Amino acid sequence: RQTGPHAHAIPLDPTGRFALCPDLGMDRLFVYQLDGAAGTLRPNDPAGVDLAPGAGPRHLDFHPTRPWVYVINELGSTITAFEWDGERGALREMQTVSTLPETFMGRNTTCADIHVAPSGRFVYGSNRGHDSIAAFAIDQATGALTPLGHTPTGGQTPRNFAIDPSGTFLFAANQNTDTIVTFRLDGETGLPIPTGQVTSVPSPVCLRIVS
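Residues numbered from 1 in each chain as written. Predicted model: local features only at pLDDT ≥ 70, side-chain atom pairs only at ≥ 80, totals over all residues. Heavy atoms only, no water.

**Q** What is the right way to look at the overall build of the chain in this model?
**A** Counting its secondary structure elements, the chain contains 0 helices and 15 strands. For 211 residues, the compact-globule formula gives about 17 Å, and the C-alpha radius of gyration of the chain, at 17 Å, lands near that figure. On the principal axes, the C-alpha backbone points of the chain span a range of 50 × 40 × 35 Å. Within the chain, the fraction of its 211 residues that count as buried is 46%. If you take every contact in the chain between residues at least 6 apart in sequence, the share linking residues at least 24 apart comes to 40%. Accessible surface computed for the chain: about 10100 Å², of which carbon and sulfur atoms make up 52%. For the chain, the centre of its 14 positive side-chain charges and the centre of its 20 negative side-chain charges are spaced 2 Å apart. (Helix = DSSP H or I, 4+ residues; strand = E, 2+ residues; numbered from the N terminus. Rg over C-alpha atoms; globule rule 2.2 N^0.38 Å. Buried < 20%, exposed > 50% of the residue type's maximum accessible area, 1.4 Å probe, protein only. Contact = heavy atoms within 4.5 Å. Areas by Shrake-Rupley, 256 points an atom, 1.4 Å probe, with all protein chains shown as cover. Lys, Arg positive; Asp, Glu negative; His and termini not counted. Charge placed at Lys NZ, Arg CZ, Asp CG, Glu CD.)

Below you can see the structure in the form of structure tokens.
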């Protein structure tokens, strides 16, 4: 997976001025300036930031109100928190935490998707192989993460998941068992709670909620 560049996503920052590209193959998060009128990108200065060797950054999400970015690392099974300078398009690493339980001794597990709750209080990441959603509390003063626990997704290979705009429900797409499982997010603990709702969908790999 890391024999060459492997750009995995290119989300925009909240202002739409910058595009960030986590490159799994190069262990680097690239930053580009976006010319919305012309539809072109050019490298920013600074042009990005390196992650730990073998991390394999895959996806990211911005905090809704504070200058923090959370990147999920597919190969390292970790989340890295960055401080975001929205004027310069610059990133400063703050913390890296594991998405797996300390007691987990298995192999062949990789991370996939990441989302910050609309409240900004929690961040979630999916583990494939461990087949779980890892939940973390966000310190509202520092952006630091504290592990809260792991919830089984009720299927295999949660490649993607989505949170509805109200922050009430989380939908986990289990690619290898052809299901989307619905969870209710506890507003106090932040943990996903199964609702019993399971929808059959052939090999779901991406969920988008359009409001």
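**Q** Is there a simple way to think about the pattern of salt bridges in this case?
**A** Pairing of side chains with opposite charge becomes possible as their charged atoms draw close. Within the structure shown, the criterion is met by 5 salt bridges. One salt bridge in this structure joins Arg92 and Glu83, with 2.9 Å as the shortest N-O distance. What makes Glu83 partly exposed here is its relative accessible area of 32%. Taken together, the shared-partner salt bridges in this structure form one network comprising Arg58, Glu74 and Arg128. (Salt bridge = Lys/Arg side-chain N within 4 Å of Asp/Glu carboxyl O.)

**Q** Looking at this structure, I do not really get the sheet that holds strand β4 (residues 57–62). What am I missing?
**A** Hydrogen bonds between backbone atoms are what pair the strands of a sheet, whose relative direction is either parallel or antiparallel. In spatial order, the strands read β4-β5-β6-β7; together these 4 strands make up an open sheet with antiparallel pairing. Among the strands making up the open sheet, the edge pair consists of β4 and β7 (90–98). Taken over all neighbouring pairs, the strand axes of this sheet differ in orientation by 25° on average, direction set aside. In terms of strand pairing, β4 meets strand β5 (residues 68–73) through 5 bridges, oriented antiparallel. By the bridge assignment, Asp61 is partnered in β5 with Tyr70. (Pairing = 2+ DSSP bridges. Axes fitted to C-alpha atoms, helices over the stretch in contact; angles between N-to-C directions.)

**Q** It is not clear to me how the pairing of strand β10 (residues 132–138) should be interpreted in this structure. Could you clarify?
**A** Regular strands show a simple pattern: their side chains alternate between the two faces of the sheet. Counting buried positions along β10 yields 7 of 7 residues, so the element is predominantly enclosed. Where strand β9 (residues 122–128) meets β10, 6 bridges bridge the pair, whose relative direction is antiparallel. Its bridge partner lying in β10, Ser126 is registered against Ile133. Connecting the antiparallel pair β9 and β10 is a turn made up of 3 residues, with Gly129 showing a positive phi of about 105°.

**Q** Just checking my understanding: could you explain the sheet that holds strand β1 (residues 18–23) for this structure?
**A** Spatially, β1-β2-β3 is the arrangement adopted by the 3 strands of the open sheet, whose pairing is antiparallel. The sheet is open, and its two edges are formed by β1 and β3 (40–50), each paired on a single side. Ignoring strand direction, the axes of neighbouring strands in this sheet form an average angle of 25°. Pairing of strand β2 (residues 28–35) with β3 involves 7 bridges; the strand directions are antiparallel. From the neighbouring strand, Asp35 faces β3, where its bridge partner is Thr40.

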